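# Structure assessment
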Amino acid sequence: IAGYAKNAWKTAGMSANRYAEQATLFSASLLQSVGGDTKKAAELANMALMDMGDNINKFGGDMAMVENAYQGLARGSYVMLDNLRLGYKGTAHEMMRLINDSGVLGYKLTNVSQLTEVGFGTMVEAIHKVQEEMGITGTTIAEASGTISGSLNQMKAAFANVLATMSVVNKEGLGILNLDEALGDLAIGVSDFASN
């Protein structure tokens, strides 16, 4: 997770700390759904967090709503699925329909009880596939390099990393990033913002 968190300021539009916090919130569900494969769980967590950022970049709104939707899915609750604004209501039947529409399984689910069997990892992959088909995937990175608002969000996340790194250095040593890396990322963020 730490490797992905370092680049979250540009890939997901969030600070490394926020990225790590969010990934931790659903890591147990991901690990369970991939049979304990930590590498696969980390990849799926990264996919989910990038998709969350892309969703907000495409549709606007409150990141907390999207985060709550993913956290709910990790706990087996589908009521906030409609927070993703992908055309699916907040029900188990609609989650099943989303998975079937995505085609990630290679077969169709026929009963909502099968959602427990396929697990949260499959839900993350299905959401990713649906967002990819809708042209949502990659919008965070594209916005950061090509728009004022996107580059401002990127710069804010990089600045949050600098502040967090400085507070970590002062208290307990280095965390996910070191100060030089964080300052370098901030310089890139400021440069991109200035260019736009």
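Reference entry: report on the structure contained in this document. Bear in mind that the values here come from a model prediction, so they are computed numbers and not experimental data.

Counting its secondary structure elements, the protein chain contains 11 helices and 0 strands. Sequence-ordered secondary structure for the protein chain, helices as α and strands as β, is α-α-α-α-α-α-α-α-α-α-α. The 196 residues of the protein chain split such that 43% are buried. By sequence separation, contacts in the protein chain at least 24 residues apart represent 58% of the contacts at least 6 residues apart. Carbon and sulfur atoms make up 55% of the accessible area of the protein chain, which amounts to about 9,400 Å² in all.

Next up on the list: helix 5 (residues 38–59). Its 22 residues place the ends of helix 5 31 Å apart at the C-alpha level, agreeing with the 32 Å of an ideal helix rising 1.5 Å per residue. The N-cap of helix 5, judged by a side-chain oxygen 3.2 Å from the amide nitrogen of lysine 39 a few residues on, is aspartate 37.

Between helix 5 and helix 8 (residues 114–133), the least distance of the axes is 10 Å, while the angle of their chain directions is 40°. With respect to each other, helix 5 and helix 8 are oriented oblique. When the axes of helix 5 and helix 8 are compared, the crossing they make is left-handed. Contacts between helix 5 and helix 8 pair Lys40, Leu44, Met47, Ala48, Asp51, Asp54 and Asn55 from the former with Gly121, Val124, Glu125, His128 and Gln131 from the latter.

A few words on the layout of surface pockets. Put simply, the second largest pocket is a space of about 210 Å³. Looking at the lining of the second largest pocket, the elements with two or more residues in it are helix 4 (27–33), helix 6 (63–74) and helix 8. Per element, the largest residue contribution to the lining of the second largest pocket is 7 residues, and it comes from helix 8. When the residues that make up the lining of the second largest pocket are grouped by side-chain class, the tally is 7 nonpolar, 6 polar and 2 charged.

A separate point is the pattern of salt bridges. Pairing is possible between side chains that carry opposite charge, provided their charged atoms lie close to one another. The tally for this structure, following the rule as stated, stands at 6 salt bridges. Here lysine 39 makes a salt bridge to glutamate 43, at a shortest N to O gap of 3.9 Å. Taken together, the positions of lysine 39 and glutamate 43, both in helix 5 and 4 residues apart, correspond to about one turn of that helix. Residue arginine 97 pairs with aspartate 101 through a salt bridge whose shortest N-O separation is 3.6 Å. Taken together, the residues arginine 97 and aspartate 101, both in helix 7 (residues 92–102) and 4 residues apart, mark about one turn of the helix. Judged by its relative accessible area of 35%, arginine 97 is partly exposed. Residues participating in the shared-partner salt-bridge network are Glu94, Arg97 and Asp101.

With a phi close to 55°, arginine 85 is a non-glycine residue in the positive phi region. Its place among the elements puts arginine 85 in the loop between helix 6 and helix 7. Among the residues examined, arginine 85 registers a relative accessible area of 33% and is labelled partly exposed.

Time to look at the packing of helix 6 against helix 8. The contact between helix 6 and helix 8 brings their axes to 9 Å, and the two run at 145°. Across from Tyr70, Leu73 and Ala74 in helix 6, the residues of helix 8 making contact are Phe120, Met123, Val124 and Ile127. Across the contact of helix 6 with helix 8, the residue classes break down as 7 nonpolar, no polar and no charged.

Thresholds, definitions, all that
Residues numbered from 1 in each chain as written. Predicted model: local features only at pLDDT ≥ 70, side-chain atom pairs only at ≥ 80, totals over all residues. Heavy atoms only, no water. Helix = DSSP H or I, 4+ residues; strand = E, 2+ residues; numbered from the N terminus. Buried < 20%, exposed > 50% of the residue type's maximum accessible area, 1.4 Å probe, protein only. Contact = heavy atoms within 4.5 Å. Areas by Shrake-Rupley, 256 points an atom, 1.4 Å probe, with all protein chains shown as cover. Expected span 1.5 Å × (residues − 1). Polar contact = N/O pair within 3.5 Å; in protein donor to acceptor, adjacent residues only side chain to side chain. Axes fitted to C-alpha atoms, helices over the stretch in contact; angles between N-to-C directions. Parallel < 35°, antiparallel > 145°, perpendicular 65-115°, else oblique. Left-handed = near helix turned anticlockwise from the far one by under 90°. 1 Å grid on protein atoms, 1.4 Å probe; cavity = no way out; pocket = protein on both sides within 12 Å on 5 of 7 lines; lining within 4 Å. Points joined across faces, edges and corners; volume = space filled by probe spheres on them. Nonpolar A, V, L, I, M, F, W, Y, C, P; charged D, E, K, R; others polar. Salt bridge = Lys/Arg side-chain N within 4 Å of Asp/Glu carboxyl O.

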